[in-house]
Amino acid sequence: MQVGIDQIGFYTPNKYVDMVDLAHARNEDPNKFLIGIGQNKMSVADQTQDAVSMGINATLRYLDQIARERVGLLIVGTESSVDQSKSASLFIKSALALPANVRTFEVKEACFGMTAGIMIARDYVRLHPHHSAIVIGSDIARYGVNTGGEVTQGAGSISMLIKADPQILAINNGHSSHSEDINDFWRPNDSAVAVVDGKYSKNVYLDFFKQTFTAYRKQTGIKTSDFTALLYHLPFVKMGFKANEWAITAQDEKTKKHLTENFTAAARYGKEVGNIYTASLYLSLLSLLENAKLPANAKIGLFSYGSGAMGEFYSGQIVKGYEKNLHTNADQKMIARRQKLTIPEYEKIFNQALESPQDNLELQSDEQTGTWYFAGTKNRIRQYFQK
Ligand code: COA
């Protein structure tokens, strides 16, 4: 029995910052951000979008196409938690009207959280083949206004249905993982923004990729040239580009060409949306699926990395007819619909979103009809409404 990704939903908030504007405001050469970092734009979440509302909105993209009563597991991977105790997944379960017997919880290991959820979901479905699992990655990357990491921010969510006989990507057996207790990036409990040693994090990321990719090939006998595409956690496009350059360096021209072309297709959405932490690798997958033509059974490698640090490499096979299960036009419209912010507007919205709103003050959303949003707290209980 094959188990894997049957549905993918995507959401990103309705505002963005253009990297050329940001570069001018920060007295940087725009090419540093566009070429050196590899980013064009970044989505900005205002006070009314958080990990919960974005996760609901991403899942709603496919919810009416699945058997809701068969969902036995709902996992949310996030590093933008809305509560220290209650799981983001409970708010989401309620908004999606999932069955009461669903097992649901939140997982955390920086950007690795969604991959952890997918692996748990895969094993769950293997044991319960008539049930499915929803796994969500939902995050707002916040480094702070006028910081070195500012250019690598973003906001959004990817939601996936994991089930038997999947219609998009069958996950292969086997994986290689590597973990080390290090301090490249973290967010202390008293901080709304991340602490990062950017240069160190770039080196560790590359080191973890080399280790897991080498171990995976050794373990499985799969060669680099067997992959149609290699996908990476993309905190910013240049980071994955460097890993891909390392992967293809000793390959023949044909392999170099297709792995480079498919890297470009996979990076297209990330370039526009920015860093969405747990969901960044899966935004790359969505971008590849919707911007490249992939033959049935094409082998796709996935490298997941979470600072702190945890790395994992695994692979999947493209399922014949996968394109029928995508929402390509809607996803591209989702990105195109965003309104551009001036830098002062972005700074105001960004700083406002760092503060908890006053209790019992109802927030209004400027999102499209049907979109869920965070409406503030009532007697300190978080309220989520649909516009
Ligand atoms: N044109 C083209 N490229 C340019 C340029 C220009 N005018 N000016 C600089 N660059 C290039 C640099 O050569 C460098 O390329 P390289 O990485 O290939 O060496 C790149 O732009 C970045 O320049 P750098 O001086 O390193 O930028 P920085 O000191 O501002 O730091 C980050 C960049 C990414 C380290 C910083 O944004 C950060 O800390 N981000 C968060 C870290 C993160 O996300 N880590 C991953 C966690 S998984």
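Residues numbered from 1 in each chain as written. Predicted model: local features only at pLDDT ≥ 70, side-chain atom pairs only at ≥ 80, totals over all residues. Heavy atoms only, no water.

What about the pairing of strand 16 (residues 372-378)?
Threshold: Three labels apply to residues, based on accessible area from a 1.4 Å probe with only protein chains included: buried if under 20% of the type maximum, exposed if over 50%, partly exposed otherwise in between. Helix numbers and strand numbers start at the N terminus; a helix is a DSSP run of H or I with at least 4 residues, a strand a run of E with at least 2. One requirement defines pairing of two strands: DSSP has to find at least two bridges between them.
Of all the seven residues making up strand 16, six are buried; the element is thus mostly covered by neighbouring parts of the structure. As paired elements, strand 16 and strand 17 (residues 381-386) share five bridges and run antiparallel to each other. Paired with Y373 across the two strands is F385, which belongs to strand 17. With antiparallel pairing between neighbouring strands as the criterion, strand 16 and strand 17 make up a hairpin whose turn holds two residues, including N379 at a positive phi of roughly 50°.

Considering empty space enclosed by the protein
If a probe as big as a water molecule is rolled over the atoms, it shows which places are left empty. The test is simple: Only protein atoms enter the 1 Å grid, on which a cavity is a set of points fitting a 1.4 Å probe that cannot get out and a pocket is an open set with protein on both sides within 12 Å along at least 5 of 7 lines, lining residues being those with an atom within 4 Å of a point. Grid points are joined across faces, edges and corners, and a volume is the space filled by probe spheres set on the points. For this classification, the nonpolar set comprises Ala, Val, Leu, Ile, Met, Phe, Trp, Tyr, Cys and Pro, the charged set comprises Asp, Glu, Lys and Arg, and every other residue, Gly included, is treated as polar.
In total, this model carries four cavities of 30 Å³ or more according to the counting rule given. Of the voids in this model, the largest cavity is the one considered here, and its volume is about 80 Å³. Residue lining of the largest cavity: 13 residues in total, with S43, V44, A45, I140 and F350 positioned closest to the centre. Of all the elements in the fold, those that place two or more residues in the lining of the largest cavity are strand 3 (41-44), strand 6 (132-141), strand 7 (154-164) and helix 11 (343-354). Classifying every residue of the lining of the largest cavity gives nine nonpolar, three polar and one charged.

Describing the domain arrangement of the chain
A common way to state how big an interface is: give the accessible area lost once the parts meet. The condition is simple: Per the annotation, domain bounds derive from an automatic or database assignment of domains. Throughout, a contact is declared for two residues whenever any of their heavy atoms are within 4.5 Å. A carboxyl oxygen of Asp or Glu within 4 Å of a side-chain nitrogen of Lys or Arg is what we treat as a salt bridge. Here a polar contact is recorded for every N or O atom pair within 3.5 Å, except that within protein the pair must consist of a potential hydrogen donor and a potential acceptor, and residues adjacent in sequence are included only if both atoms are side-chain atoms.
Parsing the chain into structural domains produces domain 1 (3-169 + 326-386) and domain 2 (172-324). Just the C-alpha atoms count here: the centres of domain 1 and domain 2 sit 19 Å apart. With 60 residues of domain 1 at the interface, the matching set in domain 2 holds 51 residues. The interface formed by domain 1 and domain 2 holds one salt bridge in total. A salt bridge links E272 to K41; the nearest nitrogen and oxygen atoms lie 3.6 Å apart. In this structure, the connection of domain 1 to domain 2 is made through 27 residue pairs in polar contact (both at pLDDT 80 or more). Elements that contribute at least two residues to the side of domain 1 that touches domain 2 include exactly strand 1 (3-11), helix 2 (30-37), strand 3, helix 5 (113-127), strand 6, strand 7, helix 10 (328-336) and helix 11. At seven residues, the largest contribution of residues to the side of domain 1 that touches domain 2 is made by helix 5. Taken together, the residues that form the side of domain 1 that touches domain 2 break down as 26 nonpolar, 25 polar and nine charged.

With respect to the packing of helix 7 (residues 237-248) against helix 8 (residues 253-273)
The line we're drawing: Whenever a helix is involved, its axis is fitted only over the stretch in contact; in every case the axis is a line through C-alpha atoms, and angles between N-to-C directions fall within 0 to 180 degrees. Any angle from 65 to 115 degrees is called roughly perpendicular, while one under 35 is roughly parallel, one over 145 is roughly antiparallel, and all others are oblique.
Where helix 7 contacts helix 8, the two axes come as close as 11 Å, and the packing angle between them is 170°. With respect to each other, helix 7 and helix 8 are oriented roughly antiparallel. On helix 8, the residues touching V237, G240, F241, N244 and I248 of helix 7 are K256, L259, T260, F263, A267, G270 and K271. Partitioning the contact of helix 7 with helix 8 into residue classes produces six nonpolar, four polar and two charged.

Examining helix 2
Quick reminder of the rule: To be clear, the arc concerns the directions from the helix axis to the C-beta atoms.
Every buried residue belonging to helix 2 is among P30, F33 and I37, and all of these are buried. Viewed end-on, helix 2 has its buried residues packed into an arc of 120°, placing them on one side of the element. On its buried side, helix 2 packs onto helix 1 (19-25) and helix 7. Where helix 2 begins, the side chain of D29 points an oxygen toward the backbone nitrogen of N31, at a separation of 2.9 Å. Looking one or two places after helix 2, you find G38, whose phi comes out positive at around 95°.

Examining the UniProt feature "domain: Hydroxymethylglutaryl-coenzyme A synthase N-terminal" (unreviewed entry) in the chain
Operational definition: UniProt positions are given in the numbering used here, feature names are shortened, and annotations may be inferred rather than shown by experiment.
Annotation from UniProt places "domain: Hydroxymethylglutaryl-coenzyme A synthase N-terminal" (unreviewed entry) at residues 2-164. Its end C-alpha atoms 6 Å apart, residues 2-164 is made of 29% helix and 31% strand.

Side note on the UniProt feature "binding site: substrate" (unreviewed entry) in the chain
Per the UniProt record, the feature "binding site: substrate" (unreviewed entry) sits at G148. Tracing the backbone through its elements, the reader meets G148 in the loop between strand 6 and strand 7.

Quick look at the sheet that holds strand 3
If you trace the three strands from one edge of the open sheet to the other, you get 3-2-15, paired in mixed fashion. Bordering the open sheet on either side are strand 3 and strand 15 (339-340), each of which pairs with just one other strand. Where strand 2 (residues 15-18) and strand 3 come together, four bridges link them in antiparallel fashion. Within the sheet, the bridge partner assigned to K15 lies in strand 3 and is V44.

Considerations on the side chain of T377
Tracing the sequence through the fold places T377 in strand 16. Only 2.7 Å separates the side chain of T377 from the side chain of D359, close enough to count as a polar contact. Other than its neighbours up to four places away in sequence, T377 contacts P357, Q358, D359, N360, L361, R382 and Q383.

Let's talk about the site of the ligand
Definition in use: One heavy atom within 4 Å of a molecule or strand makes the whole residue count as near it. Here the Shrake-Rupley method, with its probe set to 1.4 Å, supplies the accessible areas, and only the displayed protein chains count as covering residues.
Neighbouring residues of the ligand: 22 residues in total, closest D29, K32, G148, S201 and K242. Between the ligand and S201 there is a distance of 2.7 Å, counted from a nitrogen atom to a side-chain nitrogen or oxygen. Between the ligand and the protein, one listed contact pairs an oxygen atom with a side-chain N or O atom of K242 at 2.8 Å. Surface burial for the ligand is 72%, taken as the share of its 970 Å² of free accessible area covered by protein chains.

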